[in-house]
Amino acid sequence: AQKVTQAQTEISVVEKEDVTLDCVYETRDTTYYLFWYKQPPSGELVFLIRRNSFDEQNEISGRYSWNFQKSTSSFNFTITASQVVDSAVYFCALSETLGSNYKLTFGKGTLLTVNP
Amino acid sequence: EADIYQTPRYLVIGTGKKITLECSQTMGHDKMYWYQQDPGMELHLIHYSYGVNSTEKGDLSSESTVSRIRTEHFPLTLESARPSHTSQYLCASIDSIYNSPLHFGNGTRLTVT
């Protein structure tokens, strides 16, 4: 069975600090996809990034960066120079494809609070 | 931009009432999902559908039921609401491109008193 572990339940930082959110996954699939979603206080889930299991290149998008390491089954997310608007719950997720069927397994989420 | 809509956004209802949470998408996606989110944040898959007249129970047992009579519509029904059903319910859909991200609606925050 697939599993996603986000060991950090809550993180609190001061604005402009860098912060890394950890994600460790388990799967028996050789082909899989990993995702990060952001859930601001308003409640909707916002897609941030998708990474497939064959692409271990790190990705940077503005202040956001992702580090995928297959050897440690980790897909960590770093926010550089954090801002108050980054305060949200962040979910890491792993896809499972069974034939033409498809499910997403989520971690329990990390609540990030950025204080001014 | 994903077009997936959930109504109502907020619902407060008394114990024993029947309720239906609406979810509609205008993207023609075959696959749709319902997630229940605890106040403690964790997301649980409770129902999914891979097309019209196809529904399956998810990883978390739920007393709710769903139907998929039309591609764009995936309502969730609780026949008799209880306080333990208080939660946020999130609907999602996905297109047929392999491993595309799920598109989520804004959610329905349900409170059963």
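One can find the structure itself at the top, above this paragraph.
Let me sum up the structure you'll find in this document. Worth saying up front: this structure is predicted, and the values here are computed from it rather than measured.

About the criteria used
Residues numbered from 1 in each chain as written. Chains lettered and ligands numbered in written order. Predicted model: local features only at pLDDT ≥ 70, side-chain atom pairs only at ≥ 80, totals over all residues. Heavy atoms only, no water. Helix = DSSP H or I, 4+ residues; strand = E, 2+ residues; numbered from the N terminus. Rg over C-alpha atoms; globule rule 2.2 N^0.38 Å. Buried < 20%, exposed > 50% of the residue type's maximum accessible area, 1.4 Å probe, protein only. Contact = heavy atoms within 4.5 Å. Pairing = 2+ DSSP bridges. Salt bridge = Lys/Arg side-chain N within 4 Å of Asp/Glu carboxyl O.

### Section: the overall build of chain A
(1) Moving on: For chain A, the count of helices and strands is zero helices and 12 strands.
(2) Moving on: Listing each helix as α and each strand as β along chain A from the N terminus yields β-β-β-β-β-β-β-β-β-β-β-β.
(3) Moving on: Taking 13 Å as the expected radius of gyration for a compact globule of 116 residues, we find that chain A reaches 14 Å, a close match to that expectation.
(4) Moving on: Referenced to the eigenvectors of the C-alpha coordinate spread, the extents of chain A come out at roughly 45 × 30 × 20 Å.
(5) Moving on: Looking at chain A as a whole, 47% of its 116 residues are labelled buried.

### Here's the deal with the environment of Gly51 of chain B
All names here are of chain B.
(1) Moving on: Within the fold, Gly51 resides in strand 5 (residues 43–51).
(2) Moving on: The class for Gly51 is buried, based on a relative accessible area of 12%.
(3) Moving on: Along the sequence, Gly51 and Thr71 sit 20 residues apart, while their C-alpha atoms lie 6.4 Å from each other.
(4) Moving on: Gly51 has contacts with Asp30 and Arg68, leaving out every residue within four places of it along the chain.

### Thoughts on the pairing of strand 6 (residues 54–57) of chain B
All names here are of chain B.
(1) Moving on: Sheet topology places strand 5 next to strand 6; three bridges connect them, and they run antiparallel. Bridge assignment links Gly51 to a residue of strand 6, and that residue is Ser54.
(2) Moving on: Joining the antiparallel neighbours strand 5 and strand 6 is a turn of two residues, in which Asn53 adopts a positive phi near 65°.

### Thoughts on the environment of His85 of chain B
All names here are of chain B.
(1) Moving on: Along the chain, the position of His85 falls in the loop between strand 8 (76–78) and strand 9 (87–94).
(2) Moving on: Note: C-alpha distance between His85 and Thr26 (59 residues apart in sequence) is 28 Å.
(3) Moving on: Apart from residues lying up to four places away in sequence, His85 is in contact with Glu63, Leu78, Ser80, Leu110 and Val112.

### Side note on the pattern of salt bridges
(1) Moving on: What the rule picks out here adds up to six salt bridges over all chains.
(2) Moving on: Ionic pairing is found between Arg51 of chain A and Glu59 of chain A, a salt bridge with its closest N-O pair at 2.7 Å.
(3) Moving on: Of the residues examined, Glu59 of chain A reaches a relative accessible area of 30% and is grouped as partly exposed.
(4) Moving on: Between Glu79 of chain B and Lys18 of chain B there is a salt bridge whose closest N-O contact spans 3.8 Å.

Keep in mind these numbers describe shape, not what the thing actually does.
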